[in-house]
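The residues making up each chain are set out below.
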Amino acid sequence: MRSLEDPLESGTLTITPNSGRAGTWGTWVVTYTVGTAGIATGGGIQVALPERWHQWWRNAARNVQSVDPTAPFYVTASATKSAHTDRPGVHVHCEVLDATEGEYAKGFRRNVGYPPESRYAWTVQVNVIEGELQPGDSINIVYGDMSHGGRGFTPPLWTGSPERVRAAVDLEGSGDYALLPEAALPWLSSEPGPPVELLIVLESRSAVGEDMRVRMVALDKFHNPVPAPETAVHLIVESGAATLPQGPLKLGDAATWGCRGFRITPTEVGALRLRGTSNDGQLYGLSNPSKVAAVTAADGSSEGGLYWGDIHSHSNYSWDGTGTRDDHFRYARYASLLDIYSATDHNDRRSMSQEDWQQNVAYTAKWYAPGEFATILGYEASFGAPYGHHNVFYRSGQGPLHYIDEENPEEIWQRGEREHLEGEIFTIPHHTGGFARPGGGVKHDWSIHDPRFRPSIEIYSSHGLSEEYAPDHPLSMDVSDFTFNGPGDPGNYTVDAWLAGLKLGTIGSSDNHGSQPGKEGFGIMAVWASELTREAVFDAIRNRRTYGSTGSRIYLEFSVNGEPMGGEISIASGELVEVHVEALGTGPLRWIHILRADLDRPHDGFSVVHQEWFPGSSGPLDFNLSWTDKTPPDRAVYYVRVRQRDLVHGRVAQAWSSPVWVMRV
């Protein structure tokens, strides 16, 4: 689509109001003022609000419509003279391009400023069907017309930096639309709602007498950060012992999206938690637990550092994602308070251009702060059978973007071998339990594998559970509020890959498409690493020193005969298997399961060989478990899952360890 250069000739655009608060209903009027060229009969304008303004629940677009004035998201248009009276003899027709029925809509549609059928936001087109518009006349497009009883329109549920409204005009009635120059386009901003919760995050591993980092931020009900520098937070130690800063601490300002960082000093061994309350009593937050050791250890084992990340999320570089500039990096660091982040936008040609990829490389470098925030370069390749979706990651922060029609996972691994990239590149399959419709068979051929370049699997994301086929599970994909996909048939899940002999660690990640990585309940990854650097985190994932969580920062240690999660051990004839689990919850625990499979009898699947169950309201926050398997199979795989008692943001709070593989020799 070509661009016009002269706003005087092509006309200008305004929007009233030019902002909105998340989740509130209202009306927005886009006014196009006709330029000196006028608009002939048959001509008109196409308008697209920023894509974030169309994103809705279940990773879909809401159904903007121009046919039912009593329904939500109704759009109308009219033509007026420069004196704001109806233009006599001029009639316009308003339609939503590629309109569909139903509240949720996701699919390729025409969108102003993008190649045809490359986005899923809506474009409103208004044509002059009778008469002509003169210079200074206007076309008014009303988003959320409530004059006939409709509910109106809402700003985005998820906020971010201001974005421009886009528009294209057909001045001559030829059907050829040209983009209005950027100088003629208005900015539209979205603001968070009032804060409703306080997120407080401690380093998950600390030592007595050594300063540790603490971060806190206020969030609205949609998990948007709320800058509130006038708000002071009173802190107390909920469990454990620590030296805190004197007096209340103010929250951060707009520069850090309200995030405030400070340091405290643990003073005794144990589980440390903080509780914070705002000075007006409206905000409350209980931190995640930090395990305080007597001394610091940094060897990459279960005594090293424990860091949290999301390495599967999307921005506006994906056809079905939204965002502005580097808001997704900003959100990861300052809103969800992650330690690790990777933006993995789609590698199809409708999404990222090579220029977009280079911008992602630049953002990954810009936001990298060793010791504070580790960024990893990656992209998503959404393959079909027999591979399923994979994310591709580079250790160095540099690497090429290959489009989905250029190479499949086997060819990625072959490229890694050919270019001597072992240890420098890997792929991770994700939401394997979804996008495989019931009755659709197995979409993942687990016999196609290269352990050098595929170390882990995403066991949970916002789509739901990929651990096992469990349609009655509260985290099953068909009950998730994020997706309509799945659960797929047995054979597509993490346990199926393990039973097929694959040695894969577990991670959780969000697959968030609204530039909100790390959003609570959407999936998060825990990494045991020697330090918070890109290279150390990458190596730890390769070594399977990871576990997955729904989003709650549950502290989890799991070892078999002293070998931590992700490892392999050999045992002698007659030797027993000693399993140790330590779990520190963000809330009371409900149960801890130890699961085992006999790899010589894979059709028997996994079973819970030991559990600790905490009924009613008696669940502890912290629990240590030692259990002996007196009859271990000759070839076995063990893993642990932990569930908390209470729902967190409407979802079960749970964590899944990476396994330990045991071989009798």
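A brief report on the enclosed structure follows.

Rules used in this analysis
- Residues numbered from 1 in each chain as written.
- Predicted model: local features only at pLDDT ≥ 70, side-chain atom pairs only at ≥ 80, totals over all residues.
- Heavy atoms only, no water.
- Helix = DSSP H or I, 4+ residues; strand = E, 2+ residues; numbered from the N terminus.
- Rg over C-alpha atoms; globule rule 2.2 N^0.38 Å.
- Buried < 20%, exposed > 50% of the residue type's maximum accessible area, 1.4 Å probe, protein only.
- Contact = heavy atoms within 4.5 Å.
- Lys, Arg positive; Asp, Glu negative; His and termini not counted.
- Charge placed at Lys NZ, Arg CZ, Asp CG, Glu CD.
- Salt bridge = Lys/Arg side-chain N within 4 Å of Asp/Glu carboxyl O.
- Pairing = 2+ DSSP bridges.
- Axes fitted to C-alpha atoms, helices over the stretch in contact; angles between N-to-C directions.
- Expected span 1.5 Å × (residues − 1).
- Arc of directions from axis to C-beta.
- Phe/Tyr/Trp six-rings, centres within 6.5 Å; stacked < 30°, edge-to-face > 60°.
- Lys NZ or Arg CZ within 6 Å of the ring centre and 35° of its normal.
- Core = buried A, V, L, I, M, F, W, Y, C linked by side-chain atoms within 4.5 Å.

**Concerning the overall build of the chain**
In step 1: Scanning the chain from terminus to terminus reveals 6 helices and 46 strands.
In step 2: Its C-alpha atoms give the chain a radius of gyration of 27 Å, near enough to 26 Å, the size a compact globule of 665 residues would have.
In step 3: C-alpha atoms of the chain, sized along the principal axes, occupy 95 × 60 × 45 Å.
In step 4: By residue count, 62% of the 665 residues in the chain fall in the buried class.
In step 5: Intrachain contacts of the chain at a sequence separation of at least 6 include 74% that bridge at least 24 residues.
In step 6: With 54 positive and 82 negative side-chain charges, the chain shows a spacing of 3 Å between the two charge centroids.

**Re the pattern of salt bridges**
In step 1: Across all of its chains, the model carries 35 salt bridges by this definition.
In step 2: In this structure, the salt-bridge partner of Asp339 is Arg213, at a minimum N-O distance of 3.4 Å. Remark: Arg213 occurs in strand 18 (residues 212–219) and Asp339 occurs in the loop between helix 2 (327–334) and strand 27 (340–341); sequence separation between them is 126 residues. Comparing Asp339 with Arg213 shows no difference in burial state: the two are buried.
In step 3: Measuring nitrogen to oxygen at the nearest pair gives 2.6 Å for the salt bridge that ties Arg601 to Asp604.
In step 4: Residues joined in a network through salt bridges with shared partners are Arg52, Glu163, Asp326, Asp327, Arg330 and Lys366.

**Observations concerning the sheet that holds strand 12 (residues 160–164)**
In step 1: Ordered by their spatial adjacency, 3 strands build an open sheet running 2-15-12, and the pairing between neighbours is mixed. Looking at strand neighbours, the two that pair on one side only are strand 2 (19–21) and strand 12, the edges of this open sheet. Taken over all neighbouring pairs, the strand axes of this sheet differ in orientation by 20 degrees on average, direction set aside.
In step 2: As judged from the 3 bridges shared by strand 2 and strand 15 (residues 187–191), these two strands associate in the parallel manner. Residue pairing in the sheet places Arg21 in a bridge with Glu191 of strand 15.

**Notes on the environment of Lys630**
In step 1: Secondary-structure assignment places Lys630 in the loop between strand 43 (622–629) and strand 44 (635–644).
In step 2: Each C-alpha atom of the pair Lys630 and Glu575 lies 8.3 Å from the other, and the pair is 55 residues apart in sequence.

**Thoughts on helix 3 (residues 354–366)**
In step 1: With 13 residues, helix 3 should reach 18 Å at 1.5 Å per residue; the first-to-last C-alpha distance of 18 Å fits that figure.
In step 2: Listed as buried for helix 3 are Asp356, Trp357, Asn360, Val361, Tyr363 and Thr364. Buried positions in helix 3, seen along its axis, are confined to an arc of 165 degrees and lie on one side of it. Turned more than 90 degrees from where helix 3 packs its buried face, Glu355 and Lys366 sit exposed.
In step 3: Where helix 3 is buried, its residues touch helix 2, strand 28 (374–375), strand 29 (377–382), strand 30 (389–394) and helix 6 (534–542).

**Quick look at helix 2**
In step 1: With 7 of 8 residues buried, helix 2 lies mostly within the body of the structure.
In step 2: For helix 2, the full list of buried residues reads Asp327, His328, Phe329, Tyr331, Ala332, Arg333 and Tyr334.
In step 3: In this structure, the buried side of helix 2 is in contact with strand 12, strand 18, strand 27, helix 3 and strand 28.

**Concerning the packing of aromatic side chains**
In step 1: Counted by the stated rule, this structure contains 26 aromatic pairs.
In step 2: Centroid distance Phe482 to Phe522: 5.5 Å. Interplanar angle 70 degrees. Geometry classified as edge-to-face. Of this pair, Phe482 sits in the loop between strand 33 (464–465) and helix 5 (494–499) while Phe522 sits in the loop between strand 34 (505–508) and strand 35 (524–529); the two residues are 40 residues apart in sequence, bridging distant segments of the chain. Per residue, the accessibility class of Phe482 equals that of Phe522, and both read buried.
In step 3: Ring-pair connections join several aromatic residues into one group, and the members of that group are Trp25, Trp56, Trp57, Phe73, Tyr143, Phe153, Trp158 and Phe222.
In step 4: Across the ring face of Tyr114, the terminal group of Arg119 is positioned such that the distance to the ring centre comes to 4.4 Å.
In step 5: Against the face of Trp613 rests Arg590, its NZ or CZ located 5.8 Å from the ring centre.

**Brief notes about the environment of Ala271**
In step 1: Note that Ala271 resides in strand 23 (residues 270–278).
In step 2: Sequence separation between Ala271 and Gly585 is 314 residues; the distance between their C-alpha atoms is 9.7 Å.

**Notes on the nonpolar core**
In step 1: By size, the foremost hydrophobic cluster in this structure holds 71 residues, and its most contacted members are Tyr547, Phe558, Val560 and Val581.
In step 2: The element that contributes the greatest number of residues to this core is strand 40 (residues 577–584), accounting for 5 residues.
In step 3: Formed by 45 residues, the second largest nonpolar core is a distinct cluster that contains Ile45, Val64, Tyr120 and Tyr143.

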